Structure formats: C-alpha cells, structure tokens
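# Tertiary structure, described
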Amino acid sequence: MTQISTPFNAKTTATEILTGVDLTGRRMIVTGGASGIGLETVRALRKAGAEVAVATRKPTGDQLALDLSDLHSVRTFVASWTGPVHAIVANAGVMALPTRQVAANGWELQLATNFLGHFALITGLHENLRQAGDARVVMVSSGAQLRAPFDFDDPHFERRPYDPWVAYAQSKTADVLLAVGAARRWAGDGITANAFEPGYVHTNLQRHIDAATMRARGAMDEEGNLLMPPHFTTPEQGAATAVLLAASPLMDGVTGRFFSSANQEAEVVQGGPDATTGVATWSLNPSAADRLWHYALTATTTH
C-alpha cells in the first residue's frame, strides 16, 4: 500500500488546505468545536461553505449539547439529528487527568470521553453517514498512541495502577483503531475513516499538565509564561490535518490511514518508549480493531 503524501506541511493552515474547495451543501459535525483546533476546524470548513454543527459540553448560541462521557447525552444528540452528515470530526477530548476519574457509569474518564463516547456517536449516526454517499469520519488521535496499546484486560484501570499518560495513550490508540474498524466495515456505504495527530499546540487540552512537564517540552518559561518552540504550531495549523481528512478532494477514497501533523501519511513503526514519530503497529492492527469494535459496541449498548 503506497504511503500517501500531499503538497502541504506542518505550517500549512486549515484555511490554506481548502483553497479553491467549495463545500456548499455539505453538513458536518465537529465535537469540541468551541475552542482550540476544533474551533479552527469549524472556521475553515464554514469559510469553504460547509454547514457545521458544533457539538460541545457547554454550548452557547447555536452550538449543540454533547457530553461524550454521558451516553444519554450522546443518544439524545443522535436522536435529534436528521438527514445526511458528510463528515464527523471527532475532536473533543481530555488529556492526562492527574488522578483516576470515572464517568457516571464507571468508565475511566479519558477512555469514556476520547473514545467510547465518540464510538457511540459515530455508530449511532451510521445511517446518516451512509445517506451522504461519500461521508468521512475523522478521528483526532495523538502521538501518544505510540506509548501504549489498548489494554483489553483492564481498560478502565480497575486493577492496574492508574497512570495519566498511559490512560491517555490507550484512548488515542483506540481512536485510531476506531478508524480502522470503520474503514473495514463501512467502505460499501461510501464512508471513509482516518485518524491523525495534530502535534504540539497550545490549547485547553493542556490544562491538566503540570508546569514541570510543560517546561520540559520547552513550552513554558520559569515564570509560567507559555512559549512557542519550533516544534509547536498554532491552532489553525494544528487543525489543518482535520480539514484535510474531512474535506480535501485529495483524500477522496482514502481510508483506514493515520496522518501526521505535517499533513502526510505517517510511517508505521514499532510503538514503545523510544518511538517519537509515526503510528504504532498496534494502532493499525486489524484484529485489534475488530476486537475493540466488538468491545465498544457491547459497552455502549448495555449501559
């Protein structure tokens, strides 16, 4: 399978991705679209003519209510949607909660928000995606997927010691596997599904990260001021790959792939502590994707 490349790079903005692209008549959903790269994704898609629904936990104005950690909220959102949806950008997330927190149903909160809620949303809207004829699912994953596979034996840290970054990593591995699973099941419905990592961007996602970690990344000085080291990008640049996968004609028919923040398909590598770039083999494993799909389907239909 040929690795896909594009004429873009890590500094390309979301708006630049869609230069000359007309999205008039296309209906899209962006979760967590009220801030950060989600907001920039919404802006770029709307500028190109798309009708974009912003799904967020604390809606204002014409935004729509969606709490991904609450299956009742997800089901209410799904039931309220009518007609086709041409793209779902699964952007909302929570990162590195310092202590183990659980949703109302007992699920570990990062897995509930980043993966299981999105799984319930996307599968719940499968018929609406099918109606579109050429719909796209975009999973916002992370380079953290290189750090940990999905733990089928104890996904909610009920027995193993809780680790904020392992919990985040497995939720982002699960997001890639969701794209792989959807690609395997829904190609006949004209639905493609891909995942990507946006790279280092200053957004609200970092709100739980301690100052020492931020300084180690070169992203904060000793006084607590945020810095922009060369490996960081702006939110509009971080949103570029979301827009590429959701709406660029260059991605027509592309499915089951993982893209880097440089807007290129990522190299497949062995995950682990020494891996710094690429996508881990465990994140694209079709057997793991099928097993996870079954697990998530059971979990989201029995709660």
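The paragraphs below set out a description of the structure included in this document. Everything numeric here is computed off the predicted structure, so don't read it as measured data.

So, about the overall build of the protein chain. Secondary structure assignment for the protein chain yields 11 helices and 11 strands. The C-alpha atoms of the protein chain give a radius of gyration of 18 Å, which matches the 19 Å a tight globule of 303 residues would have. With respect to the three principal axes, the spread of C-alpha positions in the protein chain is 50 × 45 × 45 Å. Going through the 303 residues of the protein chain one by one, you find that 54% of them count as buried. Of the roughly 12,800 Å² that the protein chain leaves accessible, carbon and sulfur atoms contribute 51%. Here the protein chain contributes 23 positively and 28 negatively charged side chains, and the mean placements of these two sets differ by 3 Å.

Moving on to the nonpolar core. A general trend in soluble globular proteins is that nonpolar side chains are found buried together. One finds Ile 29, Phe 115, Ile 122 and Leu 129 to be the most contacted residues of the largest nonpolar core, which totals 54 residues. Of all the elements, helix α4 (residues 109-124) adds the most residues to this core, at 9 residues. Beyond its immediate chain neighbours, meaning those up to four positions away, Leu 129 contacts Val 85, Ile 88, Ile 122, Ala 135, Arg 136, Val 137, Trp 186 and Ile 191. Core analysis: the second largest hydrophobic core is formed by 33 residues, Ile 4, Phe 196, Ala 239 and Val 243 among them.

Right, let's talk about the sheet that holds strand β5 (residues 136-140) for a bit. On the basis of which strands lie adjacent, the open sheet formed by 7 strands has the order β3-β2-β1-β4-β5-β6-β9 and parallel pairing. Edge positions in the sheet fall to β3 (64-65) and β9 (258-259), since each has one partner strand and no second. Sheet analysis places strand β1 (residues 27-31) next to strand β4 (residues 87-90), joined by 3 bridges and oriented parallel. Counterpart to Val 30 in the pairing with β4 is Val 89. Its contacts with the sheet put α4 on β1, β4 and β5, and the angle it makes with β4 is roughly 175°.

The tally for this structure, following the rule as stated, stands at 11 salt bridges. Residue Asp 134 is joined to Arg 26 by a salt bridge in which the shortest nitrogen-to-oxygen separation is 3.3 Å. Taken together, the residues Asp 134 in the loop between α5 (126-132) and β5 and Arg 26 in the loop between α1 (14-17) and β1 connect sequence positions 108 residues apart. Here Asp 134 falls in the partly exposed class, since its relative accessible area comes to 39%. With a shortest N-O distance of 2.6 Å, Arg 136 and Asp 252 are connected by a salt bridge.

This paragraph deals with the packing of α4 against helix α11 (residues 286-302). For the pair α4 and α11, the least separation of the axes is 10 Å and the interaxial angle reads 85°. By the angle class used here, α4 and α11 are roughly perpendicular. Residues Phe 115, Leu 116, Phe 119, Ala 120 and Thr 123 of α4 form the contact with α11, whose own contacting residues are Leu 292, Trp 293, Tyr 295, Ala 296, Leu 297, Ala 299 and Thr 300. Among the residues forming the contact of α4 with α11, the class breakdown is 10 nonpolar, 2 polar and no charged.

For the rest of this paragraph, the subject is the environment of Ala 174. Relative to the helices and strands, Ala 174 resides in helix α6 (residues 164-186). For Ala 174, a relative accessible area of 0% gives the class buried. Ala 174 sits 76 residues away from Pro 98 along the chain, and the two C-alpha atoms are 20 Å apart.

Attention now goes to the pairing of β5. When you tally the buried positions in β5, you get 5 out of 5 residues, the bulk of the element. Inspection of the sheet shows β4 paired to β5 by 4 bridges, in the parallel sense. Counterpart to Ala 87 in the pairing with β5 is Arg 136. The pairing of β5 with strand β6 (residues 192-196) spans 5 bridges and is classified as parallel. Across the sheet, residue Val 137 finds its bridge partner in β6, namely Ala 193. After leaving β5, the chain enters α6 and then returns to the sheet as β6, a path that is right-handed.

On to the side chain of Thr 41. Residue position: Thr 41 is located in helix α2 (residues 36-47). Assessed through its relative accessible area of 1%, Thr 41 is described here as buried. Not counting the four nearest positions on each side in its chain, Thr 41 is found in contact with Val 30, Val 89, Ala 239, Ala 242 and Val 243.

Since there are 3.6 residues in each turn of an α-helix, residues three or four apart along the chain are aligned in direction. For α11, with 17 residues, the first-to-last C-alpha span of 24 Å sits near the 24 Å given by 1.5 Å per residue. Taken together, the buried positions of α11 are Ala 288, Ala 289, Leu 292, Trp 293, Ala 296, Ala 299 and Thr 300. Seen from one end, α11 has its buried residues packed into an arc of 140°, which puts them on one side. Set apart from the buried face of α11 by more than 90 degrees, the exposed residues are Ser 287, His 294, Thr 301 and Thr 302. Contacts made by the buried residues of α11 are with α3 (71-80), α4, α6 and α10 (281-284). Two or three places before Ser 287, at the start of α11, stands the capping residue Asn 285, its side-chain oxygen 2.9 Å from that residue's backbone nitrogen.

Basis of the calculations
- Residues numbered from 1 in each chain as written.
- Predicted model: local features only at pLDDT ≥ 70, side-chain atom pairs only at ≥ 80, totals over all residues.
- Heavy atoms only, no water.
- Helix = DSSP H or I, 4+ residues; strand = E, 2+ residues; numbered from the N terminus.
- Rg over C-alpha atoms; globule rule 2.2 N^0.38 Å.
- Buried < 20%, exposed > 50% of the residue type's maximum accessible area, 1.4 Å probe, protein only.
- Areas by Shrake-Rupley, 256 points an atom, 1.4 Å probe, with all protein chains shown as cover.
- Lys, Arg positive; Asp, Glu negative; His and termini not counted.
- Charge placed at Lys NZ, Arg CZ, Asp CG, Glu CD.
- Core = buried A, V, L, I, M, F, W, Y, C linked by side-chain atoms within 4.5 Å.
- Contact = heavy atoms within 4.5 Å.
- Pairing = 2+ DSSP bridges.
- Axes fitted to C-alpha atoms, helices over the stretch in contact; angles between N-to-C directions.
- Salt bridge = Lys/Arg side-chain N within 4 Å of Asp/Glu carboxyl O.
- Parallel < 35°, antiparallel > 145°, perpendicular 65-115°, else oblique.
- Nonpolar A, V, L, I, M, F, W, Y, C, P; charged D, E, K, R; others polar.
- Right-handed = clockwise from strand over helix to strand, strands pointing away.
- Expected span 1.5 Å × (residues − 1).
- Arc of directions from axis to C-beta.
- Polar contact = N/O pair within 3.5 Å; in protein donor to acceptor, adjacent residues only side chain to side chain.

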